[in-house]
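Listed below, chain by chain, are the residues.
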Amino acid sequence: MAAPPDMEPASALSLELLPTDPLLLILSFLDYRDLVSCCYLNRRLNQLSSHDPLWKRHCKKYWLISEEEKSRRNQSWKAIFISTYSDLGRYIHYYATLKKAWDDLETYLGQWCPRMIRSLKESVKEEDLDAVEAQIRCKLPNDYRCSFRIHNGQKLVVPGLMGSMALSNHYRSEDLLDIDTAAGGFQQRLGLRQCLPLTFCIHTGLSQYMALESVEGRNKYEIFYQCSDQMARNPSAIVMFITGTSYLEWFTSYVNKVVTGGYPIIRDQIFRYVHDKECVATTGDITVSVSTSFLPELSSVHPPHYFFTYRIRIEMSKDALPEKTCQLDSRYWRITNAKGDVDEVQGPGVVGEFPIISPGRVYEYSSCTTFSTTSGYMEGYYTFHCLYYKDRFFNVTIPRFHMVCPTFKVSTA
């Protein structure tokens, strides 16, 4: 129905005609790009878009700028955002995540591994990263570049930032390589074409590599340990144990595991043992828990030989009576591979020792096993005798724990 002739149609509501407070509220929901665009629409929106509290949220969200840092800079929030963007703008989608990971890691190391902090290098400049790209004739991913704008890896020292592993006479500790050392190890040989090393162990020569291009069956930016195919005639045949799909995912997942206590700190260094919280068994006053780790440097796919190490913690409750003190006599293992084949092992002590367990006492040791399949599990029990009642023997359950080889890719050579 047509409007009565004496009524005029309502005029369209213009955003810029809104009162200041509701308009500022609307602007507070805009992303930084839209907020900048508003500056070019008209004079009023330009003035309101420059309202400093609007830029505080973006400074904290993208650059993790604190109130204390703002005070030190003695600049407005908008000025800080713009100056930081002019330097780090290409990393705006990575910076906050990586900066938080580095900050969390430094805080944790300061408490548990203080000497490791001294091995960290200062950040590099954009021109340094550009020079490396020119040197290797390959583009570096932005998340990798962003991390090195925060810290340029670490010095080649022990212990390494990216974790350690020790077993008998085998020791590995991986450093996070600085950009120049990584560029010096850039690979163009068959089997590792266009691969950049991220880590290095000075004891074993082991590295984790990042593929900078999708060649030789790799995905771009995939991270892996290399493993020679010993059954191939071609010496460049390399099998890859995959450890990450991107630098951001690889680094932040590792840091999260460290700072949440997922990896134990042993002798002032990070050990890459993974503990399943359900892998715990309590018999009377004694609790046994297990953590495991896969060792790529001692494993191969062809022939199939998958090497695992496990760390066992045996603890007696601090509330146990003193007469519960006991000594470990022997161990029994039932070892099952993915095909269902079973091996049984029984022998005296553990790693040549016969530990005494008393109230509140903890005993830990490491050992290893190998499988011809990509996975398997172990379970068993320890036999103890009481020191107070010397003729009393009892078994303590070792919980079943599984070991699984990481995802791998077979060489295309």
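Residue numbers here run from 1 along each chain, matching the order of that chain's written sequence. Totals for whole chains, interfaces and linings use every residue, but because this is a predicted model, local features are given only for residues with pLDDT of at least 70 and side-chain atom pairs only at 80 or more, for both listing and counting. Computation of side-chain values covers all heavy atoms of the structure but excludes hydrogens and water.

**Quick word on the overall build of the protein chain**
Numbering of helices and strands runs from the N terminus, with a helix taken as a DSSP run of H or I at least four residues long and a strand as a DSSP run of E at least two residues long. Regarding its fold elements, the protein chain presents twelve helices and 20 strands. Relative to its length of 413 residues, the protein chain is extended, with a C-alpha radius of gyration of 29 Å against a globular reference of 22 Å. Relative accessibility decides the category of a residue: with a 1.4 Å probe and only protein chains considered, values under 20% of the type maximum give buried, values over 50% give exposed, and everything between is partly exposed. Taken over 413 residues, the protein chain has a buried fraction of 46%. Whether two residues are in contact is decided by their heavy atoms, any of which lying within 4.5 Å being enough. The long-range fraction of contacts in the protein chain, counting pairs at least 24 apart against all pairs at least 6 apart in sequence, stands at 60%. The method behind every accessible area is Shrake-Rupley, applied with a 1.4 Å probe, and residues are considered shielded solely by the protein chains displayed. If you sum the accessible surface of the protein chain, you get close to 21100 Å²; carbon and sulfur atoms cover 51% of it. When charges are counted, neither His nor the chain ends are considered; positive counts come from Lys and Arg and negative counts from Asp and Glu. Charge positions are represented by NZ for Lys, CZ for Arg, CG for Asp and CD for Glu. Counting 45 positive and 46 negative side-chain charges, the protein chain places the averaged centre of each group 3 Å from the other. For a compact globule the rule gives 2.2 Å times the number of residues to the power 0.38, and the radius of gyration it is set against comes from C-alpha atoms.

**Points about the packing of helix α9 (residues 126-136) against helix α10 (residues 142-150)**
As a rule, the C-alpha atoms of each element are fitted with a line to give its axis, helices using only the stretch in contact, and angles between N-to-C directions run from 0 to 180 degrees. One can describe the packing of α9 onto α10 by two numbers: an axis separation of 10 Å at closest approach and a directional angle of 135°. Judged by the inter-axis angle, α9 sits oblique to α10. For the crossing formed where α9 meets α10, the hand is right-handed. Along its contact with α9, which presents E126, L129, D130 and E133, the element α10 presents R145, F148 and R149. In this scheme, roughly parallel covers angles under 35 degrees and roughly antiparallel covers those over 145, while 65 to 115 is roughly perpendicular and the rest are oblique. Each crossing gets its hand from how the near helix is turned against the far one by less than a right angle, where anticlockwise is left-handed and clockwise is right-handed.

**So, the packing of aromatic side chains**
Paired rings are identified among Phe, Tyr and Trp, the last through its six-membered ring, by centres lying within 6.5 Å, and are further divided according to the angle between planes into stacked (under 30 degrees), edge-to-face (over 60) and tilted (the rest). Following the criterion strictly, the structure yields 29 aromatic pairs and no others. When the ring of Y32 is compared with that of Y85, the centres are 5.8 Å apart and the planes differ by 50°; the resulting orientation is tilted. Of this pair, Y32 sits in helix α2 (residues 32-38) while Y85 sits in helix α6 (residues 77-88), and the two are 53 residues apart along the sequence. What makes Y85 partly exposed here is its relative accessible area of 34%. Each ring, one from F241 and one from F408, has its centre 6.1 Å from the other, and the planes form 75°; the classification is edge-to-face. Taken together, the residues span a long stretch of sequence, with F241 in strand β8 (residues 238-244) and F408 in strand β20 (residues 408-409) at a distance of 167 residues. Three or more aromatic residues joined by ring pairs make a cluster, and in this case those are Y32, W55, Y62, W63, F81, Y85 and Y95.

**Details of a nonpolar patch on the surface**
Like-charged residues within 9 Å of one another, or nonpolar side chains (Val, Leu, Ile, Met, Phe, Trp, Tyr) within 5 Å, are grouped into patches, provided each residue has over 30% relative accessible area and no salt bridge. For this document, the term salt bridge refers to a Lys or Arg side-chain nitrogen within 4 Å of an Asp or Glu carboxyl oxygen. On the surface, L156, V158 and I202 cluster together into a nonpolar patch covering about 230 Å² of accessible area. Among the structural elements, I202 can be located in the loop between β5 (199-200) and β6 (208-211). On the basis of relative accessibility, which here comes to 43%, the residue I202 falls in the partly exposed class.

**Focus on the side chain of H151**
In this structure, H151 sits in the loop between α10 and β1 (164-167). Each polar contact in these results corresponds to two N or O atoms within 3.5 Å; when the atoms are within protein, one needs to be able to donate a hydrogen and the other to accept it, and residues that are neighboring in sequence are counted only if both atoms are side-chain atoms. For H151, the side chain forms a polar contact with the main-chain oxygen of K121, separated by 2.7 Å. Setting aside chain neighbours within four positions, we find H151 in contact with W102, E106, L120, K121, E122 and S123.

**Let's talk about the domain arrangement of the protein chain**
All domain edges in this entry derive from an automatic or database-based domain assignment. If you check the domain split of the protein chain, you get domain 1 (19-90), domain 2 (96-260) and domain 3 (273-405). Between domain 2 and domain 3, the residue contacts involve 14 residues of the former and 19 residues of the latter. Summing both partners gives a buried area of about 1300 Å² for domain 2 against domain 3, and 74% of it is carried by carbon and sulfur. Defined in terms of a 1.4 Å probe, buried area is the accessible area two parts forfeit on being brought together, summed over both. Sorting the residues of domain 2 by area buried against domain 3 places M165, L167 and F241 first, and these three jointly supply 42% of that buried surface. Here domain 2 and domain 3 share one salt bridge between them. On inspection of domain 2 and its partner domain 3, the count reaches four residue pairs in polar contact (both at pLDDT 80 or more). Contributing elements (two or more residues each) for the side of domain 2 that touches domain 3: β1, β2 (170-173), β7 (223-228) and β8.

**Regarding the side chain of E174**
Position of E174 relative to the elements: it lies in the loop between β2 and β3 (175-176). The exposure class assigned to E174 is buried, which follows from its relative accessible area of 0%. In this structure the side chain of E174 is engaged in a polar contact, spanning 2.6 Å, whose partner is the side chain of T199. With near-sequence residues (within four places) excluded, E174 lies in contact with Q154, G160, L161, M162, G163, T199, F200, C201, L206, Q208, Y225 and R272.

**Some thoughts on the pattern of salt bridges**
The final tally for this structure, using the stated rule, is 25 salt bridges. Here R172 makes a salt bridge to E174, at a shortest N to O gap of 3.5 Å. A relative accessible area of 1% means that R172 is categorised as buried. One network of salt bridges, in which partners are shared, links D87, R90, E126, D130, E133, K139, R145 and R149.

**Quick word on the environment of Y388**
With respect to the helices and strands, Y388 occurs in the loop between β18 (375-386) and β19 (393-404). For Y388, a relative accessible area of 55% corresponds to the exposed category. As for Y388 and G284, which are separated by 104 residues in sequence, their C-alpha atoms are 16 Å apart. Setting aside residues no more than four positions away along its own chain, Y388 makes contact with E323 and T325.

**Some points on the pairing of β6**
Residues Q208 and M210 line one face of β6 and the alternating positions Y209 and A211 line the opposite face, and both faces are buried. Pairing between strands requires that DSSP locate at least two bridges from one strand to the other. Where strand β4 (residues 195-197) lies against β6, three bridges are found, and the strand directions are antiparallel. Bridge pairing in β6 places L196 opposite M210. Bridging between β6 and β7 involves three bridges; their strand directions are antiparallel. When the sheet's bridge partners are listed, Y209 is paired in β7 with F224.

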